[in-house]
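Residue-level listing of the chains:
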Amino acid sequence: MLWTEKYRPKKIEDVIGNEEAKQEVVKWLIGWFTGNKEYPGVLLAGPPGIGKTSFVYALANQFNLHVVELNASDVRTAQHIYAKVGSIGGASTLDAFTGSGPRRNILLFFDEVDGIDPKADTGGLSAILDIANKKEVPIIAAANFPDPVKHKDLLNTFKYITFRPLTPRQIIILLKRIAANEGIAVSDELLNNIATKVNGDARLAVNLLQEASHGLDIDITLTPMENLPFEELIRRLTNSYNINEIRNLLNSNSNQIEDVFYTYYDLITRSNNTSFEDKVRLLDYCIKLNEMFGRMNKKRSFYLFRYILTLMPWFIYSANRAGIVYDGRIPAYRFKLFIQNRKYRDHLNEVYTDRLKMILHESYRKFVTETLPTIKFIDIKDEILEDLLTKVI
Amino acid sequence: MQYMNIKYGTPFRIPRRLGDRFKDIVSIRGVKYIKGTGFIIENKEALDSINKILVKMGLILKPLINCYICGGNVDCDECTFNKSCHKAVTHCICKTCFQQRDLVNIYISKQTQMIRRLIGE
Ligand SMILES: [Zn+2]
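These remarks concern the structure in this document. Being a predicted model, the structure only gives us computed values, none of them experimental. (Residues numbered from 1 in each chain as written. Chains lettered and ligands numbered in written order. Predicted model: local features only at pLDDT ≥ 70, side-chain atom pairs only at ≥ 80, totals over all residues. Heavy atoms only, no water.)

Quick look at the overall build of chain A now. What chain A contains, in helices and strands, is 18 helices and 5 strands. For chain A, buried positions account for 56% of its 393 residues. In chain A, once contacts between residues fewer than 6 apart in sequence are set aside, the share between residues at least 24 apart is 78%. (Helix = DSSP H or I, 4+ residues; strand = E, 2+ residues; numbered from the N terminus. Buried < 20%, exposed > 50% of the residue type's maximum accessible area, 1.4 Å probe, protein only. Contact = heavy atoms within 4.5 Å.)

Okay, here's the thing in structure tokens:
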């Protein structure tokens, strides 16, 4: 199991860092339920991987609230939003979400609200504001990079609270806590090494600690590899039980990563020598990855792409360990899918690969094998990168 | 020279006399202005840019970072992570507290206290 999942915070106190921001949100929420509705909602702003979503769920858990999550990139139109939320005005409308159990209060959560581009938006943003202004449900919106002009109304209506990447010392607290829970001894050297490398990205830090705990060298030592034909890539992947090798293969063939995923999805469903428990676990993983690929394609999100690149090696590694073998055939319907995928993939290639390598003045090969996987460690500010990418797109 | 303490991510207002530099300040990347609330500085680069403007008018903004555990000042200059840290936080852990053996539990119980205080238990 991924530690990022296993150690997802259950309570606010489990969320490390952003102490003041957390207090602000808690104060606002308490105020909201005691009648101070000056701000109908909170806008949490900050880069990915620093625990905004985890915090919202921990908060809801602590206050026994039921989270109704809307992903802003899924709900571009007002109709979609109202259909999912109901017309909040009526008392009965939100009961649907609480099921038949004892009724709990609702917390509306709009994740990635900056995924709504006001220009392409057909009422989604104003629906959110409309719901907010009715002040019948507390709302938290999360955004990576809200634009002061594009999201002006949102910024003026919601209480703006910044989430910052963690400091290295905060990262170390997080890692020490997990290490203690896992009962593993971790050297200060390793902790310092991770803490200095991750730029405050808690999720990445936890992934690196997990890798290190499997006896892996977390230093980024990627060996350049050839771009392989798809079948050969699958053959090599299914035969590998070495996470570094799997990662290298994926990184140097990252343009085929979604095809690899769907092939594995297929292999898992068809596998005869995998236990039922393992299948359930792997398919659960598949569903999550599938959702991420979907979002990545829709949003053309470089961050999701990078995130997927960190998850996929573990997915493949655990699938192989669970007895997945390649039987030498890719079902025909998959090929159709591959062709569809290729369309967006070419786009991804163009945007992320060509443009970025231009920005970084690197060859394609060096970019794919070395830079892409370590992009987080290069001294480019997220905002600048995002800005460059949005301009390019 | 006048000094003013600010916290990253926390809104503040500039003295009225500096109002005519408003446009320059809001156009800095990493600075936000929220009507009725004030300016928010997101990162060190933004702070440096603001200070370049304000220093000519006799004001320097200084970031405050408090230790979450003891409440004291955190001195980034004596931190081994000084170079790899973005420093744009309101809280971190001071050197003394960071060296405590039971650091993790102390930190977590601080958080528990904070929540209890807010909830009024
Ligand atoms: Zn201290």
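Having seen it, we continue.
What follows covers the coordination of the zinc ion. All names here are of chain B. Note on the zinc ion: its protein donors are Cys 67 (SG), Cys 70 (SG), Cys 94 (SG) and Cys 97 (SG). The metal-donor distances range over 2.2 to 2.4 Å. For the zinc ion, the single-chain donor residues occur in sequence as C-x2-C-x23-C-x2-C. Of the two residues, Cys 70 sits in the loop between strand E5 (66-67) and strand E6 (91-92) while Cys 94 sits in the loop between E6 and helix H3 (95-98), which places them 24 residues apart along the sequence. (Donors = N, O, S within 2.8 Å, 3.2 Å for Na, K, Ca; no water.)

Bringing the environment of Ala 60 of chain A into the picture now. All names here are of chain A. Its location among the elements puts Ala 60 in helix H3 (residues 52-62). What makes Ala 60 buried here is its relative accessible area of 1%. With 47 residues separating them in the primary sequence, Ala 60 and Leu 107 have C-alpha atoms 7.1 Å apart. Non-local contacts of Ala 60, meaning those with residues more than four positions away in its chain, are made with Leu 65, Val 67 and Leu 107.

Let's shift gears to the interface of chain B and chain A. Interfaces are often sized by the accessible area lost when the parts come together. Every contact between the two is made by 40 residues of chain B and, on the other side, 37 residues of chain A. Here chain B packs against chain A, burying approximately 3500 Å² in sum over the two surfaces, 64% of which is carbon and sulfur. Across the chain B-chain A interface, the total number found is 2 salt bridges. Between Lys 7 of chain B and Glu 20 of chain A there is a salt bridge, and its shortest N-O distance comes to 3.3 Å. Summed over the shared surface of chain B and chain A, the result is 16 residue pairs in polar contact (both at pLDDT 80 or more). When residues in the side of chain B that touches chain A are grouped by element, the largest group, 11 residues, is from helix H4 (residues 103-119) of chain B. Split by residue class, the side of chain B that touches chain A holds 21 nonpolar, 10 polar and 9 charged. (Buried area = accessible area lost by both parts, 1.4 Å probe. Salt bridge = Lys/Arg side-chain N within 4 Å of Asp/Glu carboxyl O. Polar contact = N/O pair within 3.5 Å; in protein donor to acceptor, adjacent residues only side chain to side chain. Nonpolar A, V, L, I, M, F, W, Y, C, P; charged D, E, K, R; others polar.)

Residue and element names in this part refer to chain A. Across the 5 residues that make up strand E1 (residues 41-45), a large majority, 5, are buried. Side chains Gly 41, Leu 43 and Ala 45 of E1 all project onto a buried face; the interleaved residues Val 42 and Leu 44 project onto the opposite face, where all are buried too. Here E1 runs beside strand E4 (residues 139-143); their pairing, made up of 5 bridges, is parallel. Among the inter-strand pairings, Leu 44 is bridged to a residue of E4, identified as Ala 142. In the sheet, E1 pairs with strand E5 (residues 159-162) via 4 bridges, with the strands oriented parallel. Opposite Val 42, over in E5, you have Lys 159 as the bridge partner. (Pairing = 2+ DSSP bridges.)

Turning next to the side chain of Lys 52 of chain A. Position of Lys 52 of chain A relative to the elements: it lies in helix H3. It is Asp 111 of chain A that comes nearest to the buried, bridge-free Lys 52 of chain A among opposite-charge side chains, at 6.3 Å. (Lys, Arg positive; Asp, Glu negative; His and termini not counted.)

Now for the nonpolar core. Grouped together as the largest cluster of nonpolar side chains are 64 residues, with contacts concentrated most on Val 25, Leu 44 and Ile 140 of chain A together with Ile 93 of chain B. With 7 residues, H4 of chain B is the largest single contributor of residues to this core. Each of domain 1 (3-162) and domain 2 (165-222) of chain A gives at least three residues to this core. Grouped together as the second largest cluster of nonpolar side chains are 40 residues, Phe 230, Leu 237, Leu 249 and Phe 293 of chain A included. (Core = buried A, V, L, I, M, F, W, Y, C linked by side-chain atoms within 4.5 Å. Domains from an automatic or database assignment.)

Moving on to the packing of aromatic side chains. Per the stated rule, a full pass over the model turns up 16 aromatic pairs over all chains. Taken together, a centroid distance of 5.3 Å and an interplanar angle of 50 degrees make the contact between Tyr 68 of chain B and Tyr 107 of chain B tilted. Pair noted here: Tyr 68 of chain B is in the loop between E5 and E6 and Tyr 107 of chain B is in helix H4, with a separation of 39 residues, a long-range link. Classification of Tyr 68 of chain B as buried rests on a relative accessible area of 9%. Residue classification places Tyr 107 of chain B among the buried positions, given a relative accessible area of 0%. Above the face of the Trp 32 of chain A ring, Lys 37 of chain A is positioned so that its terminal group lies 4.1 Å from the ring centre. Over the face of the ring belonging to Phe 98 of chain B we find Lys 176 of chain A, whose NZ or CZ atom lies 6.0 Å from the ring centre. (Phe/Tyr/Trp six-rings, centres within 6.5 Å; stacked < 30°, edge-to-face > 60°. Lys NZ or Arg CZ within 6 Å of the ring centre and 35° of its normal.)

Here we take up the pattern of salt bridges. Residue and element names in this part refer to chain B. Per the counting criterion, the structure on display carries 14 salt bridges over all chains. Residue Asp 24 pairs with Arg 21 through a salt bridge whose shortest N-O separation is 2.8 Å. Owing to a relative accessible area of 32%, Asp 24 belongs among the partly exposed residues under this scheme. A salt bridge links Asp 48 to Lys 44; its shortest N-O distance comes to 3.2 Å.

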